[in-house]
Amino acid sequence: MNIHYDFLKEEYLDEIARLDQVCFTIPWSKSLFASELSNPNAHYVLAFSDGSVAGYCGLQAVAGEGSITNIAVLPQFRGLGIASELLKKIIDYANEQNLEFVTLEVRESNRIAIGLYLKFGFREVGKRKNYYSDNHETAILMTRFLS
């Protein structure tokens, strides 16, 4: 399988919005992704397989701090290392921007994602009770300090 990577562009908005609908119970809209295109603090890396979006990871960088907005991979492409590569590319970007740390929230029940983040040096720094509006699940706040 040939996977290649690119940055978010206007021509990818429909596909990334559809991917979000598949991957999340509270998906982002196409217009929300479009607004990220004009946000100078936003950086998105997309993974492609045979010309179609297979996954993405987004980061917002403000005042020396990074926040991962979302990381998603279509179900048929999971287990192939795409999420790891996307996360690596986002962390590399955060280092290039001299960010002090990167943080994210993850559903407490998402053990696979938590395992990925731990593998990349993220550590639990707190919890946000009733964070997710669809089922009031707790979010685990995880942070990775950068060098």
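The coordinates are above.
Residues numbered from 1 in each chain as written. Predicted model: local features only at pLDDT ≥ 70, side-chain atom pairs only at ≥ 80, totals over all residues. Heavy atoms only, no water.

Quick rundown of the sheet that holds strand β4 (residues 65–73)? Include the residues and the values.
Read across the sheet, 7 strands follow the order β1-β2-β3-β4-β5-β7-β6 without closing on themselves; strand pairing throughout is mixed. A single partner strand is all that each edge strand has here, and the edge strands are β1 (3–7) and β6 (123–128). Here the strands of the sheet are splayed against their neighbours by 25 degrees on average, with no regard to which way each runs. Here 5 bridges tie β6 to strand β7 (residues 139–145), and the two strands are oriented antiparallel to one another. Across the sheet, residue R128 finds its bridge partner in β7, namely A139. Sheet strands in contact with helix α2 (residues 30–37) are β2 (42–49), β3 (52–62) and β4, and its direction is about 120 degrees off that of β2. (Pairing = 2+ DSSP bridges. Helix = DSSP H or I, 4+ residues; strand = E, 2+ residues; numbered from the N terminus. Axes fitted to C-alpha atoms, helices over the stretch in contact; angles between N-to-C directions. Contact = heavy atoms within 4.5 Å.)

Give me the lowdown on the state of the cysteines, citing residues and values where you can.
Under the definition given, this model contains 0 disulfides. C23 forms no disulfide, and the closest cysteine sulfur to it belongs to C57, at a distance of 12 Å. By relative accessible area, which is 19% here, C23 ends up buried. According to the relative accessible area criterion, C57 is buried, its value standing at 0%. (Disulfide = S-S within 2.5 Å. Buried < 20%, exposed > 50% of the residue type's maximum accessible area, 1.4 Å probe, protein only.)

I'd like a description of the environment of S35, backed by residues and values.
Position of S35 among the secondary structure elements: in helix α2. Relative accessible area serves as the criterion here: at 33%, S35 is assigned to the partly exposed category. With 73 residues separating them along the chain, S35 and E108 place their C-alpha atoms 29 Å apart.

Describe in detail the pairing of strand β5 (residues 101–107), supporting the description with residues and values.
Summarising burial for β5: 6 of the 7 residues are buried, a large majority. The pairing of β4 with β5 spans 3 bridges and is classified as parallel. Bridging from a neighbouring strand, G66 pairs with V102 of β5. Between β4 and its parallel partner β5, the chain crosses via helix α3 (residues 82–96), and the hand of that crossover is right-handed. Bridging between β5 and β7 involves 7 bridges; their strand directions are antiparallel. Within β7, the position partnered with L104 by the bridge is M142. (Right-handed = clockwise from strand over helix to strand, strands pointing away.)

Any details on the packing of aromatic side chains? Residues and values, ideally.
Here the structure, examined in full by the defined rule, presents 8 aromatic pairs. Between W28 and F33, the ring centres sit 5.2 Å apart and the planes meet at 45 degrees, which makes this aromatic pair tilted. Residue classification places F33 among the buried positions, given a relative accessible area of 0%. Aromatic side chains Y131 and Y132 sit 5.0 Å apart centroid to centroid with 85 degrees between the ring planes, which places their arrangement in the edge-to-face category. The side chain of K89 reaches across the aromatic face of Y5, ending 4.9 Å from its centre. Of note, R107 hangs over the ring of Y132, and the distance from its end group to the ring centre comes to 4.1 Å. (Phe/Tyr/Trp six-rings, centres within 6.5 Å; stacked < 30°, edge-to-face > 60°. Lys NZ or Arg CZ within 6 Å of the ring centre and 35° of its normal.)

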